[in-house]
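Structure assessment
Take a look at the letters that make up each chain.
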Amino acid sequence: MQTLTLPIQDHEILSLKVGDPVNLTGVMLTGRDAVHKWMIDTFIRQTRPPQGDDLAVYEAIKPILDGGIIYHCGPVVAGLDSGDYRFVAAGPTTSAREEPYQGEVMRHFNLKGVIGKGGMGAKTLQACKDVPGVYLHAIGGAASLIAQSVSRVLSVYKIDFGVPEAMWVIEVKDFPAIVINDCHGGDLYKEGKAQYQVRHG
């Protein structure tokens, strides 16, 4: 089990191989469809001008994402009325939905890791080689267990996207994940299928 403290350094990413279990400690950001589309349209491809608090939010998240991780997660959050936020459940959502955006987001923000479930496509795998970065699998079906590794909710941006789609800035301690795609072109899902076919014809 390798412990990684965010922000993650390049030499740490280079040392990771598919199948490696990791524990993550530090500050990360959640983001799903609405967040990725907002990043792409407003700041990367610039197909829409910044509006409202867009520029302030962009400046706030840049240092979190530089060497950091984005977690494909639509959390269940307690304390919405009081602002004393606490994650009740924090399971991963299907990552393939972000495939059209993820590689560009990784390059733009120097994002070292993406956490989700179900695997990513060729664009993201190429970005893992280029940045370098990794795609990590969070434990599916263990949403409440993962939530226990979220020690604090530090802030939230774009709550107007809705609670599951907002950008939650969270502090985690010993967040468990497994390397599915490393920066060397390794793909645990493909390797697993190949091994199965060898064994079972």
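To start, this report covers the structure provided alongside it. What you see is a predicted model, and the numbers here were worked out from it, not measured in a lab.

So, about the overall build of the chain. Secondary structure assignment for the chain yields seven helices and nine strands. In summary, the chain has a C-alpha radius of gyration of 16 Å against a globular reference of 17 Å for 201 residues, a match within 12%. Counting only C-alpha atoms and orienting by the principal axes, one finds that the chain spans roughly 55 × 35 × 30 Å. Sorting the 201 residues of the chain into buried and exposed places 48% on the buried side. Within the chain, counting contacts between residues at least 6 apart in sequence, those at least 24 apart form 63% of the total. Accessible surface, the chain: about 9,200 Å² in total, of which carbon and sulfur atoms supply 53%. Within the chain, the 22 negative side-chain charges are centred at a point lying 5 Å from the centre of the 19 positive side-chain charges.

With respect to burial, strand β2 (residues 21–30) is a largely interior element, seven of its ten residues being buried. With four bridges joining them, strand β1 (residues 2–5) and β2 adopt parallel strand pairing. Its bridge partner lying in β2, T5 is registered against T25. In this view, the connection linking β1 to its parallel neighbour β2 by way of helix α1 (residues 10–15) has right-handed handedness. Pairing analysis gives eight bridges linking β2 to strand β9 (residues 167–181), with the strands arranged antiparallel. Across the sheet, N23 pairs through a bridge with P176, a residue of β9.

Per the stated rule, a full pass over the model turns up twelve salt bridges. Across the pair D10 and K112 runs a salt bridge, and its minimum N-O distance is 2.4 Å. With D10 in helix α1 and K112 in the loop between α4 (99–109) and β6 (113–116), this residue pair connects regions lying 102 residues apart in the sequence. What makes D10 partly exposed here is its relative accessible area of 37%. Each of R48, D53, D54 and K158 takes part in a single network of salt bridges with overlapping partners.

Scoring rules and cut-offs
Residues numbered from 1 in each chain as written. Predicted model: local features only at pLDDT ≥ 70, side-chain atom pairs only at ≥ 80, totals over all residues. Heavy atoms only, no water. Helix = DSSP H or I, 4+ residues; strand = E, 2+ residues; numbered from the N terminus. Rg over C-alpha atoms; globule rule 2.2 N^0.38 Å. Buried < 20%, exposed > 50% of the residue type's maximum accessible area, 1.4 Å probe, protein only. Contact = heavy atoms within 4.5 Å. Areas by Shrake-Rupley, 256 points an atom, 1.4 Å probe, with all protein chains shown as cover. Lys, Arg positive; Asp, Glu negative; His and termini not counted. Charge placed at Lys NZ, Arg CZ, Asp CG, Glu CD. Pairing = 2+ DSSP bridges. Right-handed = clockwise from strand over helix to strand, strands pointing away. Salt bridge = Lys/Arg side-chain N within 4 Å of Asp/Glu carboxyl O.

Any functional reading would require information that these geometric values do not contain.
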